[in-house]
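Now for the letters of each chain:
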Amino acid sequence: MATSHHTARNTTVQADHHAPPITQLLARFVATHPSRGWSDAVEHEAHRTLLNWLGCAIGAAQHEATAAALAACQVLQPAPQAALLGRRERVDIGSAALINGIASHTFDFDDTHLKTIIHPAGPVAPALLALAELTGASGRALIDALVLGIDVSCRMGNVVYPEHYDRGWHITGSTGTLGAAAACARLLGLDEQRTQMALGIAASQPVGLREQFGSMTKPLHPGAAARAGLMSALMAQHGYTASSRALEAPRGFAQVLSTKFDWREATDDLGQRFEISFNTYKPFACGIVIHPSIDACAQLREQGIRAEQIASIELKVHPLVLELTGKKEPADGLQAKFSVYHGCAVGLLFGRAGEAEFADAIVAREDVVALRRKVVASVDTSVAEESADVTAVLLDGRRVHLFVEHATGSMQRPLTDAALDAKFHALVDPVLGAARADQLISQGRGLAAAADLRGLAALCQP
């Protein structure tokens, strides 16, 4: 007689069989929350979020990762339904969501919800923009859907972070699928029941492994999440069904993918507190945990310290910094984005760390390599994730110490609108020109008043 292997299996985490109906509650929120049902500050942040995302996507339009993804999609002979940002080609909306999502994360320069390290716009915005272009949706409808979709992905991130992330999931992709599905369901005008189905379908499609950090597959995660979320909403619109408890059930999204599931994070202040309010924008084109170290080294440069004076740079950081960005000898720009050593070197050498400072040629430059090798990084559990303790040891014996508690671009030191505009120009000018970039900034700021998104999509193409 056959016996079940399941009877002997032990589980280290007790399943919660009495979880609140999270899937239903979030679906009702997405389907029924009033248009622009939030403060002026939230509305302003939504426009900043979209504009920052557009700049990142356009900036990487010609990157080899974007080109490779497009070549693969073209094998499928896609219908020309939607624009590719920063390129002349048009593809089907699923491929547009995928490719624009990949492009927006390729430089690792996109927005960050610091509580979870989610890049909120990456999966949600490309799905929405493609769908809005096809359906002729208004700017108001897109902004509404963006705020609500980001709220779903970040709230579900709050539910499972950090255990979900520590397990190895790239949380931007895994929860981003849910956010993209919610946003597209809202844009399509789905009712509560079909929105619930969209979330259920999306819950079976988490994407993203942290093992892929430093490769082209990391930016695949938000792109694939965008496409999966878009398809989930379209399938739900046409009657496809899923579990109505897909997020909270013992064998559902949260309890399968994490050992922590704090349901209050999904429902507390729902409709009053919006997670997009806690979005931040990067001044440096790399992993967020490197930013305090770069900031400190750039400040050393401002004080007159130069690379030729350096004997060593002593760096004390939180354990997560070296876990995520401990590559001492990055081989190319993608790997350098996960090297705190490279970040410190370019911060001191150039006083900045934009995409240009992560070019393959810069990574291999002799003076950069030499300075990188003088960085001595060590773990200090008294240093917070968002901080860095840096001491420049000079050849003449002097020691110059700096402690950065919060880096530029953090919630405590946010980028101004003017700084975001400058970042946008640096990304978009080489692709579309400064005049077009100015037009996009103007249209992006007033997007909620736009009758439809087709004009914006056209401006984003050469």
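Since the structure is predicted, the reported quantities are computational estimates derived from the model, not experimental observations.

Q: Would you take a moment to explain the overall build of the protein for this structure?
A: In terms of regular secondary structure, the protein is built from 21 helices and eight strands. Taken over C-alpha atoms, the radius of gyration comes to 22 Å for the protein, in line with the 23 Å a tight globule of 462 residues would show. Referenced to the eigenvectors of the C-alpha coordinate spread, the extents of the protein come out at roughly 70 × 65 × 45 Å. Every one of the 462 residues in the protein was classed for burial, and the buried ones make up 60%. Of the contacts made within the protein by residues no fewer than 6 positions apart, 77% connect residues no fewer than 24 positions apart. A total accessible area of about 17900 Å² is found for the protein, and carbon and sulfur atoms account for 52% of it. In the protein, the 40 positive side-chain charges and the 47 negative ones have mean positions that sit 2 Å from each other.

Q: Sorry if this is basic, but what is going on with the confidence of the model for the protein here?
A: Atomic detail in the predicted coordinates should be set aside for any region of low pLDDT. In the predicted model, the protein carries a mean pLDDT of 96, and 97% of its residues have values of at least 70. A low-confidence stretch, residues 1-11 stays under pLDDT 50, and its non-local contacts, those more than four residues away or across chains, total zero contacts.

Q: Help me understand the pairing of strand β7 (residues 388-394), please; the structure alone is not making it clear to me.
A: Put simply, side chains in a regular strand alternate between the two faces of the sheet. In terms of burial, β7 is largely enclosed, as seven of its seven residues are buried. Of the two faces of β7, both are covered, the one formed by A388, V390, A392 and L394 as well as the one formed by D389, T391 and V393. Looking at chain direction, strand β5 (residues 310-317) and β7 are connected through six bridges and run antiparallel. By the bridge assignment, S312 is partnered in β7 with V393. The pairing of β7 with strand β8 (residues 399-404) spans six bridges and is classified as antiparallel. Directly across from V393, in β8, lies its bridge partner R399. Between β7 and β8, which pair antiparallel and follow one another directly, the connecting turn spans four residues, one of which, G397, has a positive phi of 95 degrees.

Q: Explanation requested: the sheet that holds β8 in the structure shown.
A: One key point about sheets: their strands pair by backbone hydrogen bonds, in either a parallel or an antiparallel sense. Strand order across the open sheet formed by four strands is β6-β5-β7-β8, with mixed pairing between neighbours. Of all strands in the sheet, those bounded by a partner on one side alone are β6 (375-379) and β8. On average, each strand axis in the sheet is tilted by 15 degrees relative to the strand beside it, whichever way the strands run. Direction of pairing for β5 relative to β6: parallel, over a ladder of five bridges. Bridge pairing in β6 places I313 opposite V375. Its contacts with the sheet put helix α13 (residues 291-302) on β5, β7 and β8, and the angle it makes with β8 is roughly 140 degrees. Along the sheet, helix α16 (residues 340-350) contacts β5 and β6; its crossing angle with β5, the most-contacted strand, is approximately 125 degrees.

Q: I keep staring at the packing of helix α8 (residues 171-188) against helix α10 (residues 217-237) and nothing clicks. Help me out?
A: Two packed helices can be described by the angle between their axes and the distance between those axes. Two elements in contact, α8 and α10, have axes whose closest approach is 7 Å; the angle formed by their N-to-C orientations is 40 degrees. Judged by the angle between their axes, α8 and α10 are oblique. Seen from above, α8 lies across α10 with right-handed handedness. Where α8 approaches α10, its residues T172, G173, G176, T177, A180, A181, C184, A185 and L188 are matched on the opposing element by H221, P222, A225, A226, A228, G229, L230, S232, A233, L234 and Q237. A class-by-class count of the residues in the contact of α8 with α10 yields twelve nonpolar, eight polar and no charged.

Q: Explain a nonpolar patch on the surface to me, please; I cannot follow it from the model alone.
A: A cluster of nonpolar side chains, namely L114, F278 and M411, defines an oily patch on the protein surface of about 230 Å² accessible area. Tracing the chain through its elements places F278 in the loop between α12 (264-267) and β4 (279-280).

Q: Mind showing me how you'd approach the nonpolar core here?
A: Soluble globular proteins tend to bury their nonpolar side chains together. Judged by nonpolar contacts, the single largest core of 152 residues is most densely connected at W53, L142, M156, L315 and L440. Discounting chain neighbours no more than four positions away, the residues touching L440 are L51, I58, F424, V428, L432, L456, L459 and C460.

Q: Can you help me understand the packing of aromatic side chains in this one?
A: The geometry of an aromatic ring pair is captured by the separation of the ring centres together with the interplanar angle, meaning the angle of the planes. In total, this model carries five aromatic pairs according to the counting rule given. The structure contains a cluster of three or more aromatic residues connected by ring pairs, namely F29, W38 and F274. Taking NZ or CZ as reference, K218 lies 4.8 Å from the ring centre of F213, over its face. One Lys or Arg, K423, reaches over the ring of F109 and ends 4.2 Å from the middle of that ring.

Q: Before we go on, may I ask you to explain the pattern of salt bridges in this structure?
A: As a working rule, side chains carrying opposite charge can pair if their charged atoms are close by. Counted under the stated rule, the structure contains 25 salt bridges. Residue R245 pairs with E248 through a salt bridge whose shortest N-O separation is 3.7 Å. The class for R245 is partly exposed, based on a relative accessible area of 31%. Across the pair R352 and E357 runs a salt bridge, and its minimum N-O distance is 3.1 Å. Through salt bridges with shared partners, one network takes in E43, R140 and D144.

Q: Sorry, what's going on with the side chain of R155 here?
A: Along the chain, the position of R155 falls in helix α6 (residues 139-160). Note on R155: relative accessible area 0%, which makes it buried. Within the local environment of R155, its side chain forms a polar contact with the backbone oxygen of D268, the two atoms lying 2.9 Å apart. Apart from residues no more than four positions distant in its own chain, R155 is found in contact with E265, A266, T267, D268, D269, L270, G271, R273 and E275.

Q: What exactly am I supposed to notice about empty space enclosed by the protein here?
A: To find leftover empty space, a probe the size of one water molecule is rolled over the atoms. Tallied over the full model, the rule gives three cavities of 30 Å³ or more. What lines the largest cavity is a set of 14 residues, among which I117, Y165, F213, K218 and G287 lie closest to the centre. A volume near 70 Å³ is recorded for the second largest cavity. Elements supplying a minimum of two residues to the lining of the second largest cavity: α2 (40-59) and α19 (417-432). Of the residues in the lining of the second largest cavity, the class split is four nonpolar, two polar and three charged.

Q: Just to check I follow, could you spell out α8 for this structure?
A: Residues spaced three or four apart along an α-helix point in a common direction, a consequence of the helix completing one turn every 3.6 residues. Relative to the 26 Å expected for 18 residues at 1.5 Å per residue, α8 spans 25 Å between its end C-alpha atoms, a close match to the ideal helical length. Helix geometry: α8 is bent most strongly at T177, by close to 30 degrees. Of all 18 residues making up α8, 17 are buried, and the element is well covered by its neighbours. Once α8 finishes, G189 follows within two positions and takes phi at roughly 75 degrees, a positive value.

Calculation rules
- Residues numbered from 1 in each chain as written.
- Predicted model: local features only at pLDDT ≥ 70, side-chain atom pairs only at ≥ 80, totals over all residues.
- Heavy atoms only, no water.
- Helix = DSSP H or I, 4+ residues; strand = E, 2+ residues; numbered from the N terminus.
- Rg over C-alpha atoms; globule rule 2.2 N^0.38 Å.
- Buried < 20%, exposed > 50% of the residue type's maximum accessible area, 1.4 Å probe, protein only.
- Contact = heavy atoms within 4.5 Å.
- Areas by Shrake-Rupley, 256 points an atom, 1.4 Å probe, with all protein chains shown as cover.
- Lys, Arg positive; Asp, Glu negative; His and termini not counted.
- Charge placed at Lys NZ, Arg CZ, Asp CG, Glu CD.
- pLDDT = per-residue confidence, 0-100.
- Pairing = 2+ DSSP bridges.
- Axes fitted to C-alpha atoms, helices over the stretch in contact; angles between N-to-C directions.
- Parallel < 35°, antiparallel > 145°, perpendicular 65-115°, else oblique.
- Left-handed = near helix turned anticlockwise from the far one by under 90°.
- Nonpolar A, V, L, I, M, F, W, Y, C, P; charged D, E, K, R; others polar.
- Patch = residues over 30% accessible without salt bridge, like charges linked within 9 Å, V, L, I, M, F, W, Y side chains within 5 Å.
- Salt bridge = Lys/Arg side-chain N within 4 Å of Asp/Glu carboxyl O.
- Core = buried A, V, L, I, M, F, W, Y, C linked by side-chain atoms within 4.5 Å.
- Phe/Tyr/Trp six-rings, centres within 6.5 Å; stacked < 30°, edge-to-face > 60°.
- Lys NZ or Arg CZ within 6 Å of the ring centre and 35° of its normal.
- Polar contact = N/O pair within 3.5 Å; in protein donor to acceptor, adjacent residues only side chain to side chain.
- 1 Å grid on protein atoms, 1.4 Å probe; cavity = no way out; pocket = protein on both sides within 12 Å on 5 of 7 lines; lining within 4 Å.
- Points joined across faces, edges and corners; volume = space filled by probe spheres on them.
- Expected span 1.5 Å × (residues − 1).
- Bend = angle between axes of the 7 residues up to and from the residue.

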